[in-house]
Amino acid sequence: MSSPARGRLARACVLAFAAAPAFAATDPVIEAVVVMDDIDAIAIVGRDLPVSRGDLSVHLGTPGEPGDISGSCQPVAPLRQAITCRLGELPPAGDYLLRVASARAGSSATYDLTIGAAGPRGPAGEDGPAGPTGPQGP
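Residues numbered from 1 in each chain as written. Predicted model: local features only at pLDDT ≥ 70, side-chain atom pairs only at ≥ 80, totals over all residues. Heavy atoms only, no water.

Asks: I'd like a description of the sheet that holds strand S5 (residues 73–75), backed by residues and values.
Replies: Across a sheet, paired strands are connected by hydrogen bonds in the backbone, their directions being either parallel or antiparallel. Taken together, the 4 strands give an open sheet; going across it, the order is S1-S2-S6-S5, and neighbouring strands pair in antiparallel fashion. The open sheet has two edge strands with one neighbour each: strand S1 (29–36) and S5. With strand direction ignored, the average angle separating the axes of adjacent strands in the sheet is 20°. In terms of strand pairing, strand S2 (residues 41–47) meets strand S6 (residues 82–86) through 5 bridges, oriented antiparallel. (Pairing = 2+ DSSP bridges. Helix = DSSP H or I, 4+ residues; strand = E, 2+ residues; numbered from the N terminus. Axes fitted to C-alpha atoms, helices over the stretch in contact; angles between N-to-C directions.)

As structure tokens, this is what we get:
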């Protein structure tokens, strides 16, 4: 291929890539949240989550309850699939609204989160088989 043809091909490639978006912007989605009460942290799992701390906004509950927890959160980059938040102390048991937002994209996702509550007791299981006979007592 001649040098002028290569130059035209290179310019066409540059124009084609410049015209196409870098990635399809989609709203974040929260699929699950794991509460780790032994280390006072939560892990947010989802899709298209923010990947930089400067772009990340995380709120838990209504303002003041405890509100903005962004400073305690760290995105797991570059996957855009997880955020970890070390809270220092979990809020009291109850129902909260968790909101993750991307400041740059102006998009957000919400998740109804329950902390510290136990569900109803399930039905009793079937009796297991008898164990082996123990040793003779004194």
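Asks: I'd love a proper account of the nonpolar core, names of residues and values included.
Replies: Among the nonpolar cores identified, the biggest contains 20 residues, and Ile44, Val58 and Cys85 are the most heavily contacted of them. Broken down by secondary-structure element, the contributors of at least two residues to this core are S1, S2, strand S3 (56–60), S6, strand S7 (94–102) and strand S8 (107–115). Non-local contacts of Val58, meaning those with residues more than four positions away in its chain, are made with Ile44, Gly67, Asp68, Ile69, Ser70, Cys73, Cys85, Leu98, Arg99 and Val100. (Core = buried A, V, L, I, M, F, W, Y, C linked by side-chain atoms within 4.5 Å. Buried < 20%, exposed > 50% of the residue type's maximum accessible area, 1.4 Å probe, protein only. Contact = heavy atoms within 4.5 Å.)

Asks: Help me get a handle on the pattern of salt bridges, residues and values and all.
Replies: Taken as a whole, this structure holds 3 salt bridges when the rule is applied. Taking the shortest distance from any N to any O, the salt bridge between Arg47 and Glu31 comes out at 2.3 Å. One end of the pair, Arg47, is in strand S2; the other, Glu31, is in strand S1, and 16 residues separate them in sequence. Assessed through its relative accessible area of 42%, Arg47 is described here as partly exposed. Arg80 is the partner of Asp48 in a salt bridge, and the nearest nitrogen-oxygen pair spans 3.9 Å. (Salt bridge = Lys/Arg side-chain N within 4 Å of Asp/Glu carboxyl O.)

Asks: So what's going on with the sheet that holds strand S4 (residues 67–68)? Residues and values would help.
Replies: In space, the 4 strands of this open sheet follow the order S4-S3-S7-S8, with antiparallel pairing throughout. Each edge of the sheet is formed by a strand with only one pairing partner; in this case those strands are S4 and S8. Taken together, the 2 bridges between S3 and S4 define a ladder with antiparallel strand orientation. Within S4, the position partnered with His59 by the bridge is Asp68.

Asks: So, the pairing of S7: which residues are in play, and what are the values?
Replies: Relative to S7, S3 runs antiparallel, the two sharing 5 bridges. From the neighbouring strand, Leu60 faces S7, where its bridge partner is Leu98. Of the strand pairs in this sheet, S7 and S8 are connected by 9 bridges, and their pairing is antiparallel. In the strand pairing of S8, Asp95 is matched with Thr114. Once S7 ends, the chain turns through 4 residues before running back antiparallel as S8, passing Gly106 with a positive phi of about 70°.

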